[in-house]
Amino acid sequence: MDKKRSLLNVSVSIGFKFVIIILEIFVRRFLIRYVGNEINGLNSLYISILDFLAIAELGVGGAITYCMYQPIVDGDREKTAALYHLFQKLYWIIGAVIVVVGCAIMPLLPYLAKDYAEANVNLYLTFALMLSSVAITYLFSAKTSLINAYKDNYIVNTVSSLGRIVQCGLQMLVLFLTGSFIWYLVCRIISSVLQWVATETIARYKHGDIIKIKSSVDSETKKEVTKNVKAMFMHKIGGILVNTADSIIISSFIGILILGKYSNYTAIVIAMTSVLTLCFTPLTSVVGHMFVEEGRETAKKYCGVFHTLNFVLGMVFFLGYYAVADNLVGVLFGAELELAKSVSFVITLNYFIQFMRQGCMLFRDATGTFYNDRWKPLFEGIINIGLSVLFVCVFPEDYKVVGVIAATIITNLFICHIIEPYVLYKHAFRSGMKQYYVQNYAYILIFGGILAALNFSMVTLENQWLELLANGGIALALSIVPCIAAIVLNRDFSNIMKNILRKIFRRRVQSETVSDVCNDPKFSANDSEAKSADGENNQEEERF
């Protein structure tokens, strides 16, 4: 496994993500302050429908990048170029379809945004601006996939992150100067255009030779690629039905004002989850190369390691989120925008359960087994929408939001967490998945039990900041024991941790050894003695 490239991809992603999170919090504050929470809710509705389309590498891009791994490893430039040109055509077709579907959705907007009149904006114009910013990204998505296929995810992350930083800066400026939601959305278009120019320039500089080669894929390869793209596109449609359903149903049945409040909670947890997810998604190309070069047994071992890492990260951060969510919303956006504690409880549980799929989905995308469960997202989405509508209708007024989220929890637990591991272990690893199931549901039960314990352990103080720190400390304390137990019980994870600690210890000893030699008065007595000491030091370094 290319550990240096993995570390570079993850480090760049996480570093930029922290900056973007802070900026986006300020943008949301400006939006609520200068335009209103109703617009905040409407913006969240638009994002739920369209924003995920801009992240091509998490959808169809996963299938496309996977197809390039083998020819790149084999050094087959002709086939790599042929695949690139095929993917460019596919992206343009998909972009055109998205524009058509987006236009078809417009007449439904008044029904999807309950109480939209309070927002006092043109629904069709603002949605069209949002749609345009998404459509532009498909003009350069093929070059993004090409860069990612060569394991240079950090380049793509840098370009997209700088684009988001510029977007946030412009949005805060126009909100302060004009208070206009329309100009706020124009800033998204400007950001997309800048990313387009930067990606085109970098791709032609690094891989211009590949782009210039004019070749076409054979019929067998084209058939395989089309199969994978269709499968991943079905996963994306399923993602629409699941990930956007909650916000759309809340907006349609309850109103955009409640959606605005709900989106403040999800904005915090999504920001946190997106940082944690960067421990996984930038590694897709690295894992793909590892699967091709080192085989299924090595991939299976690392999959178990990432699953335990899932649990450890989720236990610490999602317990922490629940402990401080209400205080953070009050401090960042206003105490009047806080929701009932039951809402933050189900939000926490829902996002933890979804986060526990990250390791499995990383290896699914990297090994190309997304085709084998292509019908799962559609089934999952239909069940989720049906349960959400049912629960929002039958639950009491104060618990309608809880009912919508509960539907998503049920579909995740009994569809995603069963089918995804089954497909991965059967088709990629070709082994049983019983141990994975037992471990996975044990992790979820443990988290649910400790989350309930945290709910009864939290304190209420007069000072909001002291309350936040106190409850955050309680959450951290409750997470320590299960995290240590999970690490100790996973031998592969334990061995990796031991190796890391051993290397750190050895480097420290090596540094101290060099320092002692250099400080020895005899070290500089004469050149021959200095060379002798240097030679001994080099031998010592080699032993370490």
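Residues numbered from 1 in each chain as written. Predicted model: local features only at pLDDT ≥ 70, side-chain atom pairs only at ≥ 80, totals over all residues. Heavy atoms only, no water.

**Student:** Kindly report on the overall build of the chain, identifying the contributing residues and their values.
**Tutor:** Across its full length, the chain carries 22 helices and zero strands. Expressed as a percentage of the 544 residues in the chain, the buried residues total 52%. Here the contacts in the chain between residues at least 6 apart in sequence split such that 83% fall between residues at least 24 apart. When the accessible area of the chain is evaluated, it comes to approximately 24900 Å², of which 63% is carbon and sulfur surface. (Helix = DSSP H or I, 4+ residues; strand = E, 2+ residues; numbered from the N terminus. Buried < 20%, exposed > 50% of the residue type's maximum accessible area, 1.4 Å probe, protein only. Contact = heavy atoms within 4.5 Å. Areas by Shrake-Rupley, 256 points an atom, 1.4 Å probe, with all protein chains shown as cover.)

**Student:** A description of the confidence of the model for the chain should follow, citing residues and the corresponding values.
**Tutor:** Caution applies to low-pLDDT regions: their predicted coordinates should not be interpreted in detail. Mean pLDDT over the chain works out to 81, with 82% of the residues at or above the 70 mark. Confidence drops under a pLDDT of 50 for residues 528-544, and excluding neighbours within four residues, the segment shows 13 contacts in the predicted structure. (pLDDT = per-residue confidence, 0-100.)

**Student:** Break down the environment of lysine 341 for me, with residues and values.
**Tutor:** Tracing the backbone through its elements, the reader meets lysine 341 in helix H15 (residues 341-355). Here lysine 341 is in contact with Tyr322, Asp326, Asn455 and Met458, once residues within four sequence places are set aside.

**Student:** How would you summarise the packing of helix H4 (residues 77-105) against helix H6 (residues 123-137) if you had to cite specific residues and measurements?
**Tutor:** Angle between the axes and distance between the axes are the two parameters that describe a pair of packed helices. At a closest axis distance of 10 Å, the pairing of H4 and H6 adopts a crossing angle of 165 degrees. By the angle between their axes, H4 is roughly antiparallel relative to H6. Classified by chirality, the crossing of H6 by H4 is right-handed. Between H4, through Ile98, Val99, Gly102, Cys103 and Ile105, and H6, the contact on the second element is made entirely by Phe127, Leu131 and Ala135. Looking at the contact of H4 with H6 residue by residue, the classes come out as seven nonpolar, one polar and no charged. (Axes fitted to C-alpha atoms, helices over the stretch in contact; angles between N-to-C directions. Parallel < 35°, antiparallel > 145°, perpendicular 65-115°, else oblique. Left-handed = near helix turned anticlockwise from the far one by under 90°. Nonpolar A, V, L, I, M, F, W, Y, C, P; charged D, E, K, R; others polar.)

**Student:** Could you give an account of the environment of asparagine 412, naming the residues involved and the relevant values?
**Tutor:** Here asparagine 412 lies in helix H18 (residues 400-429). It is 9.2 Å that separates the C-alpha atoms of asparagine 412 and arginine 357, two residues lying 55 residues apart in sequence. Residue contacts for asparagine 412: discarding those within four places in its chain leaves Asn350, Ile353, Gln354, Arg357 and His417. For asparagine 412, the side chain forms a polar contact with the side chain of arginine 357, separated by 2.8 Å. (Polar contact = N/O pair within 3.5 Å; in protein donor to acceptor, adjacent residues only side chain to side chain.)

**Student:** Just give me the short version of helix H19 (residues 434-457), but keep the residues and values in it.
**Tutor:** Counted at 1.5 Å a residue, the expected span for H19 with its 24 residues is 34 Å, and the 35 Å between its end C-alpha atoms agrees. Packing partners of the buried residues in H19 comprise helix H14 (296-333), H15, helix H16 (358-367), H18 and helix H20 (464-489). (Expected span 1.5 Å × (residues − 1).)

**Student:** How would you explain the side chain of asparagine 37 if you had to name every residue and give the values?
**Tutor:** In this structure, asparagine 37 sits in helix H2 (residues 37-50). In this structure the side chain of asparagine 37 is engaged in a polar contact, spanning 3.2 Å, whose partner is the side chain of asparagine 40. Among all residues touching asparagine 37, those that are not within four sequence positions of it are Ile32, Ile256, Leu257, Gly260, Lys261, Asn264 and Leu337.

**Student:** Go over a nonpolar patch on the surface with me, naming the residues and quoting the values.
**Tutor:** Together, Leu476, Ile480, Val481, Ile484 and Val488 line one region of the surface with nonpolar side chains, adding up to about 480 Å² of accessible area. By relative accessible area, valine 481 is classed as exposed at 61%. (Patch = residues over 30% accessible without salt bridge, like charges linked within 9 Å, V, L, I, M, F, W, Y side chains within 5 Å. Salt bridge = Lys/Arg side-chain N within 4 Å of Asp/Glu carboxyl O.)

**Student:** Tell me about unusual backbone geometry, and name the residues and values.
**Tutor:** In this model, arginine 430 sits at a positive phi of 55 degrees, which is unusual for a non-glycine residue. With respect to the element layout, arginine 430 can be found in the loop between H18 and H19.

**Student:** Got a sec to walk through the pattern of salt bridges? Specific residues and values, please.
**Tutor:** Tallying each qualifying case throughout the model produces eight salt bridges. Across the salt bridge formed by aspartate 209 and arginine 77, the nearest N and O atoms sit 2.5 Å from each other. One end of the pair, aspartate 209, is in helix H9 (residues 181-212); the other, arginine 77, is in helix H4, with 132 residues separating them in the sequence. Judged by its relative accessible area of 42%, arginine 77 is partly exposed. In this structure, glutamate 420 engages arginine 357 in a salt bridge whose closest nitrogen and oxygen atoms are separated by 2.6 Å. In this pair, glutamate 420 sits in helix H18 while arginine 357 sits in the loop between H15 and H16, placing the two residues 63 residues apart along the sequence.

**Student:** Give a description of H6 that names residues and reports values.
**Tutor:** The end-to-end C-alpha separation of H6 is 22 Å, in line with the 21 Å expected for 15 residues at 1.5 Å each. In terms of burial, H6 is a largely internal element, eleven of the 15 residues being buried. All buried positions along H6 are accounted for by Leu123, Thr126, Phe127, Leu129, Met130, Leu131, Ser133, Val134, Ala135, Ile136 and Thr137. Each element contacted by the buried residues of H6 is listed here: H2, H4, helix H5 (109-112), helix H7 (141-149) and H9. Two or three places before tyrosine 124, at the start of H6, stands the capping residue asparagine 122, its side-chain oxygen 3.0 Å from that residue's backbone nitrogen.

**Student:** A description of the packing of H14 against H20 should follow, citing residues and the corresponding values.
**Tutor:** Two numbers describe how H14 lies on H20: the axes approach to 9 Å, and their chain directions differ by 170 degrees. Overall, the two elements H14 and H20 adopt an arrangement that is roughly antiparallel. Residue classes in the contact of H14 with H20 are distributed as 17 nonpolar, eight polar and one charged.

**Student:** Can you explain the packing of aromatic side chains? Please cite residues and give values.
**Tutor:** All chains considered together, the criterion is met by 16 aromatic pairs. Here tyrosine 322 and phenylalanine 345 contribute two aromatic rings whose centre-to-centre distance is 5.6 Å and whose plane-to-plane angle is 85 degrees, an arrangement assigned as edge-to-face. In this pair, tyrosine 322 is assigned in helix H14 and phenylalanine 345 in helix H15, connecting sequence segments 23 residues apart. Among the residues examined, phenylalanine 345 registers a relative accessible area of 23% and is labelled partly exposed. Each residue in the set Phe306, Phe363, Tyr425, Phe429 and Tyr436 is aromatic and connected to the rest through ring pairs, giving one cluster. Positioned above the aromatic ring of tyrosine 322, the side-chain terminus of lysine 341 is 4.5 Å from the ring centre. (Phe/Tyr/Trp six-rings, centres within 6.5 Å; stacked < 30°, edge-to-face > 60°. Lys NZ or Arg CZ within 6 Å of the ring centre and 35° of its normal.)

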